[in-house]
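Descriptive analysis of the structure
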Amino acid sequence: SQQGEEDPQALSIQEGENATMNCSYKTSINNLQWYRQNSGRGLVHLILIRSNEREKHSGRLRVTLDTSKKSSSLLITASRAADTASYFCATGVTGGGNKLTFGTGTQLKVEL
Amino acid sequence: DAGVIQSPRHEVTEMGQEVTLRCKPISGHNSLFWYRQTMMRGLELLIYFNNNVPIDDSGMPEDRFSAKMPNASFSTLKIQPSEPRDSAVYFCASSLMAGVPYEQYFGPGTRLTVT
């Protein structure tokens, strides 16, 4: 079963604009991760945020986590055409080892 | 490191045939995961291993599916007999189990088509 639901399912923006994707989940977690998948490729890890963290940055990426609302957001600033991909959130739970439950994904299209 | 290696990259087979997918995890990683991705069901975890031992196989759809990890550098996912509904992209991922949350590294996937 899928733990996370991404919103929106699809997003189309112009190059240079910011892209925001949201993820909601159902159970308590100990970490949340974001992955990118280019068409026809495997998933690539972007960023990991632990349950005791509220915000994390990596380059043009900013992730927030609100455990009280069971939600996270991924912000990509100054988007580029190369950012076109599907983005997935994934959650891990205490005692689950490194097992992750992936969401349904957001398809981002960045147009020139 | 070459990353996670999967073979074959593409497999086309007829219904009823046996299919074996192979995975070589990143050296030093001690967790290995098999996923299936379809448009309808998204990315599903089938089974995962820690230190070559299967920990959770609750995602394996039915007895036609089996997975093994005979050593730290090799795993197989077998479907016997295959059915058209098994058509999907199958991913293998590996990770380091070190007591703290850690990212997973995915292979390029095997695109399976069962006719």
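Details of the structure are given in the entry above.
Residues numbered from 1 in each chain as written. Chains lettered and ligands numbered in written order. Predicted model: local features only at pLDDT ≥ 70, side-chain atom pairs only at ≥ 80, totals over all residues. Heavy atoms only, no water.

Further remarks concern the pattern of salt bridges. Residue and element names in this part refer to chain B. Per the counting criterion, the structure on display carries twelve salt bridges over all chains. One salt bridge in this structure joins Lys78 and Glu18, with 3.8 Å as the shortest N-O distance. You can see Lys78 sitting in strand 8 (residues 74–79) and its partner Glu18 sitting in the loop between strand 2 (10–13) and strand 3 (19–24), a full 60 residues away along the chain. The salt bridge involving Glu62 is made with Arg85; its shortest N-O contact spans 3.2 Å. In this pair, Glu62 sits in the loop between strand 6 (53–56) and strand 7 (65–71) while Arg85 sits in the loop between strand 8 and strand 9 (88–95), placing the two residues 23 residues apart along the sequence. Judged by its relative accessible area of 26%, Glu62 is partly exposed. Owing to a relative accessible area of 54%, Arg85 belongs among the exposed residues under this scheme. (Salt bridge = Lys/Arg side-chain N within 4 Å of Asp/Glu carboxyl O. Helix = DSSP H or I, 4+ residues; strand = E, 2+ residues; numbered from the N terminus. Buried < 20%, exposed > 50% of the residue type's maximum accessible area, 1.4 Å probe, protein only.)

This part is about the interface of chain B and chain A. Contacts between the two partners involve 23 residues from chain B, matched on the other side by 19 residues from chain A. Contact between chain B and chain A buries roughly 1600 Å² in total, counting both sides, with carbon and sulfur atoms accounting for 52%. The shortest N-O distance in the salt bridge between Lys99 of chain A and Asp56 of chain B comes to 2.7 Å. At the surface where chain B touches chain A, the tally comes to seven residue pairs in polar contact (both at pLDDT 80 or more). Those elements that place two or more of their residues in the side of chain B that touches chain A are strand 4 (31–38), strand 5 (42–50) and strand 9 of chain B. Per-class residue counts for the side of chain B that touches chain A are 13 nonpolar, six polar and four charged. (Contact = heavy atoms within 4.5 Å. Buried area = accessible area lost by both parts, 1.4 Å probe. Polar contact = N/O pair within 3.5 Å; in protein donor to acceptor, adjacent residues only side chain to side chain. Nonpolar A, V, L, I, M, F, W, Y, C, P; charged D, E, K, R; others polar.)

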